[in-house]
Structure formats: C-alpha cells, structure tokens
Amino acid sequence: MDEHTPVLVEEALEALALRPGGLYVDATFGRGGHSARILEALGSGGELVAIDRDPAAIAAGRTRFAHEARLHLVHGEFAELATLVLAHTTRTHCDGVLFDFGVASPQLDDAARGFSFGKDGPLDMRMDPTSGQPVSVWLEHAGADEIRHVIATLGEERFASRIAAEIVRSRGAQPLTRTTELAALVARCVRTREPGKHPATRTFQALRMYINDELGQMQRGLEQALQLLAAGGRLVAISFHSLEDRLVKRFIRVHSELDPVLARLPRPPAGAEPPLRRIGSKQRASAAERAANPRARSAVLRIAERRP
Ligand SMILES: C[S@@+](CC[C@H](N)C(=O)[O-])C[C@H]1O[C@@H](n2cnc3c(N)ncnc32)[C@H](O)[C@@H]1O
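Fair warning: this is a prediction, and the values are worked out from it, not measured in the lab.

### Regarding the environment of Ala-165
Residue placement: Ala-165 occurs in helix 8 (residues 160–173). The exposure class assigned to Ala-165 is partly exposed, which follows from its relative accessible area of 46%. On a C-alpha basis, the gap between Ala-165 and Ala-36 in space is 46 Å, while along the polypeptide they are 129 residues apart.

### Here's the deal with a positive patch on the surface
Taken together, the side chains of Lys-249, Arg-250, Arg-253, Lys-282, Arg-284, Arg-290 and Arg-297 define a basic patch exposed on the protein surface. Element by element, the count of residues in the positive patch is highest for helix 12 (residues 242–256), at three residues. For Arg-284, the location among the structural elements is in strand 6 (residues 276–284).

### Digging into the domain arrangement of the protein
Reports often express the size of an interface as the amount of accessible area lost when the parts come together. When cut into domains, the protein gives domain 1 (9–105 + 214–306) and domain 2 (128–211). If you look at the interface, domain 1 gives 13 residues, while domain 2 gives nine residues. Taken together, the two surfaces of domain 1 and domain 2 that pack against each other cover about 860 Å², and 52% of this comes from carbon and sulfur. A per-residue breakdown of the area domain 1 buries against domain 2 is headed by Glu-214, His-241 and Leu-243, which together make up 49% of the total. Where domain 1 touches domain 2, the interface holds two salt bridges. Across the pair Arg-246 and Glu-156 runs a salt bridge, and its minimum N-O distance is 3.2 Å. At the boundary of domain 1 and domain 2, one finds five residue pairs in polar contact (both at pLDDT 80 or more). Looking at the side of domain 1 that touches domain 2, the elements with two or more residues in it are helix 11 (214–228) and helix 12. Ranked by the residues each element gives to the side of domain 1 that touches domain 2, the list is headed by helix 12, at four residues. For the side of domain 1 that touches domain 2, the class distribution of residues is four nonpolar, four polar and five charged.

### Some details on the sheet that holds strand 5 (residues 229–239)
Across the sheet, which stays open at both edges, the seven strands sit in the order 3-2-1-4-5-7-6 with mixed pairing between neighbours. Strands with a single pairing partner mark the edges of an open sheet, and in this sheet they are strand 3 (71–75) and strand 6. Across the sheet, the axes of successive neighbouring strands diverge by a mean angle of 15°, strand direction being ignored. Of the pairings in the sheet, the one linking strand 6 to strand 7 (residues 300–306) comprises six bridges and is antiparallel in character. Its bridge partner lying in strand 7, Arg-277 is registered against Glu-305.

### A word on unusual backbone geometry
Unusually for a residue other than glycine, Leu-8 sits at a positive phi of about 50°. With respect to the secondary-structure elements, Leu-8 resides in the segment before helix 1 (9–16). In the Ramachandran plot, Glu-156 falls in the positive-phi region, its phi being about 45° despite a non-glycine side chain. Judged by relative accessible area, Glu-156 falls into the partly exposed class, the value being 36%.

### Describing the pattern of salt bridges
This structure, assessed with the given rule, holds 21 salt bridges. Between Glu-194 and Lys-197 there is a salt bridge whose closest N-O contact spans 3.7 Å. Given a relative accessible area of 34%, Glu-194 falls into the partly exposed group. Each of Glu-10, Arg-37 and Glu-40 takes part in salt bridges that share partners, so that together they form one network.

### Thoughts on the site of the ligand
Close contacts around the ligand come from 25 residues, with Arg-31, His-34, Asp-52, Asp-100 and Gln-217 the closest. One nitrogen or oxygen atom from the main chain of Phe-29 is found 3.4 Å from an oxygen atom belonging to the ligand. Between an oxygen atom of the ligand and a side-chain N or O atom of Asp-52, the distance comes to 2.6 Å. Taking 600 Å² as the accessible area of the ligand by itself, protein coverage stands at 99%. Partitioned by chemical class, the residues of the shell around the ligand number eight nonpolar, 10 polar and seven charged.

Definitions and limits used
- Residues numbered from 1 in each chain as written.
- Predicted model: local features only at pLDDT ≥ 70, side-chain atom pairs only at ≥ 80, totals over all residues.
- Heavy atoms only, no water.
- Helix = DSSP H or I, 4+ residues; strand = E, 2+ residues; numbered from the N terminus.
- Buried < 20%, exposed > 50% of the residue type's maximum accessible area, 1.4 Å probe, protein only.
- Patch = residues over 30% accessible without salt bridge, like charges linked within 9 Å, V, L, I, M, F, W, Y side chains within 5 Å.
- Areas by Shrake-Rupley, 256 points an atom, 1.4 Å probe, with all protein chains shown as cover.
- Salt bridge = Lys/Arg side-chain N within 4 Å of Asp/Glu carboxyl O.
- Lys, Arg positive; Asp, Glu negative; His and termini not counted.
- Charge placed at Lys NZ, Arg CZ, Asp CG, Glu CD.
- Domains from an automatic or database assignment.
- Contact = heavy atoms within 4.5 Å.
- Buried area = accessible area lost by both parts, 1.4 Å probe.
- Polar contact = N/O pair within 3.5 Å; in protein donor to acceptor, adjacent residues only side chain to side chain.
- Nonpolar A, V, L, I, M, F, W, Y, C, P; charged D, E, K, R; others polar.
- Pairing = 2+ DSSP bridges.
- Axes fitted to C-alpha atoms, helices over the stretch in contact; angles between N-to-C directions.
- Near = heavy atom within 4 Å.

This is the structure in structure tokens:
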C-alpha cells in the first residue's frame, strides 16, 4: 500500500554520473527509491535535496531516512526548485537534478486520494491535498467547453465533447463527487475500446494533469534546474506518456541548439553557445524490468548536461 517500485534506477544513476562530494536534487522524491540509490553512491561530503509536493511522501521519507544527515527532505513544488534547494544548502549550484514525473503508486493505491477510476473515493486527485481545489469542485463550475478542452488536449481523448456534455448534464441533477461515478459516466460516452485500457484512463489522466498543473510545473521545474546546474551537471528526466516526453524532448532541444539566427553567422559570437548538451538518445527500461513492473513499459529517460 505504501510502496512504490522505482523505474530505470540504474540507468538514472549512471545518467547522473555522480560525483561523491556533489549536491544532487531528487525533484520527485515519492517513496525515495531513486534517492536511496543516490545516497548509496554519494560520499560523506555529498548532499541530496529531495522534493515532493505530497505531504504523505515527505512524512514517509522522514521515517525511512530518519538518520540520514546528507538528505534534506523538502515539501514543495519543483516549479520552485531553485528557491527550495538554495534554502537548504550553502552551495550555489548543484551537480545533477533527477525528475521522475507523474504519480507514485501509494497515491494511486489510496482510494481516498481520488486518483483511481477503479477504486471508489472522493473525486480529488490533488498531489498536495493542502492546496488548490479537488477535481469535483472544478467540475461543478467549469464550462462545458473548458472541460472538453482539458480532456481533449491533456487526455488526447476523441470523445471529449461527448464526455464534457454528459458531465454538465449530470451535474445539473447532482454534483459529481465520486471517482466511480465519473468512471461510469465516461464509460458510457467512450464508444471504442483501447486494448488493455479502461475507457476512463484518458479522462482521469487529463483531469489529474489539469488540477495539478503538471505541464506548467514541468516547464518551470526544468527551467529552474537549468538555472541551478553547475558546469558539467546532469539533467535526467523520466516521463511516462507522450505529452510529458514531448515537453522534455523539446526543452532539451531548445536549450541545446544554437539560436537559428546566430547559427547562420560565419562565426557565432562568444557566449552564444546553448546552455545544454544532449547526452545520447532516449532510453527505455530493459525487457526484464518491463516484465516485472508494468509502469516501466511506458517510461522514457532523457539526459542533458550543462555546458561550461
Ligand atoms: C513517479 S513518483 C516518483 C517516485 C520516486 N522516484 C521513487 O523512487 O519513489 C512522482 C512523485 O513526484 C511528486 N510530484 C509530482 N509533481 C510534482 C511537483 N510539481 N513538485 C513536487 N513533487 C511532485 C508526486 O507527488 C510523486 O510523489
């Protein structure tokens, strides 16, 4: 119930190319699977700042790592990564940042968090239940077009219009407050079945991403990581679906290519070098890991390095 099997752990460790005395950031602590491996590889002079917006993740981490002086566990959003990290260390730059996006298994497993279409619970889906509004509250007030737009763009759901219209019709009679009510409503609207997927998968993904501003958080988090990285420092990102991976891929491309205007000059001016260098191409989990952990099947890891 309170466990999360980390994905691509060894690959992420190798990608971080740890310096034993360095400062590292685990921007998505979860249950600390990646953090534990980073701490194993760090020397006594190394430090790790681990962030999670879910207070339950931080509480579990404080118990698991109670005696680990090199670890600074921080409750907060990685959109504020630089500020959070600088508040917990005397260093000004870090040697690597790891992002392992999405939700952790304990969040999905706990029906009371409202993430799961398969378990009856309040329609909440906030990663940080102490801030923002639950999905049920947003669905009470949002316009049909707004709901359609969220489900179409963040869920890439073909039946978004039908689902949005049905939500608005249904809430006229009674507010939608339970996960299973919404899952049943969506199942009535989705006419084609994708193999191995519950018909509400896309809608739940979209609402979760919207209510937690996941893409906005990712963009700001990556920008903050870039600001904080020392020369030679590594940015390592693990994504779980195409919208996430597209954002990471684009971020690395934009920051690792020379400005197209400057690229046309015979000799680009000094200091025009892009800040990042892409390392290798995307990596996926091994067949053995994919067989053992279904979450690993969609995981994609990308790496970039801060230039001097
Ligand atoms: C896939 S899990 C990470 C699992 C972790 N690597 C492990 O080995 O246990 C993602 C975690 O990131 C957290 N998270 C997602 N978005 C966040 C954000 N914007 N700021 C901080 N934490 C976030 C979630 O609450 C969740 O615990």
